[in-house]
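# Reading the structure
Below, each chain spelled out in residue letters.
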Amino acid sequence: MKCHLWIVLLILLFCVSLARGDDFPIVTATAEQTEPDVAASGDNYLVAWTDSRGGTSNLNIYGQIITPTGELLGTLVPVCTRPGNQRMPAVASNGLNYLVVWEEATGGISGRYVGLDGATDGDVFEIASGGSPDVAAFGSGYLVVWIEGAVVKAKVLPDGEEVIVSGATGSCRNPAVASMDEYAAIVWEDSLADAKRIMCRLFYEGAPLYDEVTLILGDFNLRSPAVSAGNLEFILAWQDVSA
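What you see is a predicted model; the values in this text were computed from it and never measured.

### Focus on the overall build of the protein
- Of regular secondary structure, the protein possesses 1 helix and 18 strands.
- Against the globule reference of 18 Å for 243 residues, the protein gives a C-alpha radius of gyration of 18 Å, in line with a compact fold.
- Principal-axis analysis of the C-alpha atoms gives the protein an extent of 50 × 40 × 35 Å.
- Here the protein displays about 12,400 Å² of accessible surface, and carbon together with sulfur accounts for 54% of that area.
- Put simply, the protein has 13 plus and 30 minus side-chain charges, and the middle of one group is 6 Å from the middle of the other.

### Details of the side chain of D190
- Here D190 is to be found in strand β14 (residues 183-191).
- Side-chain polar atoms of D190 contact the backbone nitrogen of S171, separated by 3.2 Å.
- A polar atom in the side chain of D190 sits 2.8 Å from the side chain of R197.

### Describing the confidence of the model for the protein
- Taken as a whole, the protein shows an average pLDDT of 88; of its residues, 91% reach a score of 70 or greater.
- Under a pLDDT of 50 for its full length, residues 1-18 has, in the predicted model, 12 contacts with residues more than four places off or in other chains.

### Some remarks on the packing of aromatic side chains
- A full pass over the atoms with the stated rule returns 4 aromatic pairs.
- Ring centres 6.1 Å apart and planes at 50° place the aromatic pair Y113 and Y142 in the tilted group. Of this pair, Y113 sits in strand β7 (residues 108-114) while Y142 sits in strand β10 (residues 141-148), placing them 29 residues apart in sequence.
- Accessibility expressed as a relative area gives 18% for Y113, which makes it buried.
- Here Y142 falls in the buried class, since its relative accessible area comes to 1%.
- When the centroid spacing of 4.7 Å and the interplanar angle of 35° are considered together, the rings of Y183 and Y204 count as tilted. Separated by 21 residues along the polypeptide, Y183 in strand β14 and Y204 in strand β15 (residues 196-204) bring together distant segments of the chain.
- Judged by its relative accessible area of 35%, Y183 falls in the partly exposed class.

### Description of the sheet that holds strand β2 (residues 45-51)
- Taken in spatial order, the 4 strands of this open sheet run β1-β2-β3-β4, and their pairing is antiparallel. Strands with a single pairing partner mark the edges of an open sheet, and in this sheet they are β1 (33-40) and β4 (72-80). Averaged over all adjacent pairs, the angle separating strand axes in this sheet is 20°, with direction ignored.
- In this sheet, β4 lies alongside strand β3 (residues 60-66) in antiparallel orientation, the contact comprising 4 bridges. Bridge pairing in β4 places G63 opposite V77.

Conventions and cut-offs
- Residues numbered from 1 in each chain as written.
- Predicted model: local features only at pLDDT ≥ 70, side-chain atom pairs only at ≥ 80, totals over all residues.
- Heavy atoms only, no water.
- Helix = DSSP H or I, 4+ residues; strand = E, 2+ residues; numbered from the N terminus.
- Rg over C-alpha atoms; globule rule 2.2 N^0.38 Å.
- Areas by Shrake-Rupley, 256 points an atom, 1.4 Å probe, with all protein chains shown as cover.
- Lys, Arg positive; Asp, Glu negative; His and termini not counted.
- Charge placed at Lys NZ, Arg CZ, Asp CG, Glu CD.
- Polar contact = N/O pair within 3.5 Å; in protein donor to acceptor, adjacent residues only side chain to side chain.
- pLDDT = per-residue confidence, 0-100.
- Contact = heavy atoms within 4.5 Å.
- Phe/Tyr/Trp six-rings, centres within 6.5 Å; stacked < 30°, edge-to-face > 60°.
- Buried < 20%, exposed > 50% of the residue type's maximum accessible area, 1.4 Å probe, protein only.
- Pairing = 2+ DSSP bridges.
- Axes fitted to C-alpha atoms, helices over the stretch in contact; angles between N-to-C directions.

Shown next as structure tokens:
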């Protein structure tokens, strides 16, 4: 029960040890900027966020390229500024470009490629129906995961097929994904009638690998799993609000 706490502490200590210099503003618009995510390309970073400069009923997705020294490269990246609400962006990079995915107010998942220089690459495209997306680089493409109904689904871009990752025993929420070579780990919350569990399933070459695994079974205080790839292993963390 305590192992996840140690994982979180190790991550926090590692992050603190890498901190250097002062914090700096990425965007200073008067509107609210929320729900940020960030990915590294190998040279620089792309930060993406939900932006309300168009009004609270017209939330858009913006981004900014940042160097390792904290320099802002170019201007803001207008990832998606079309009418309607777009929110909950997730971003990844395969070293050749970035992919930003997000949830549409209409109940779908959309995405757009961004070049390493911050220029948008191609138009916004639809990925699937559902919400709560996450994305990881996967080979030369990307692996996108999301919730549709009560199940977790996944798709390899640019041309993979949509597949079901989770069983339909409970009600799934908050999927997250990390990749390592041709493998990926997908984690999520699963609410049962009298308990909640954190689940995981491996993904290999475009399809789920083995059965889903219960990482921890407990009460309804388990939530918000996260996963990252290390040296031939994955590290997972989650929140336990009872601790």
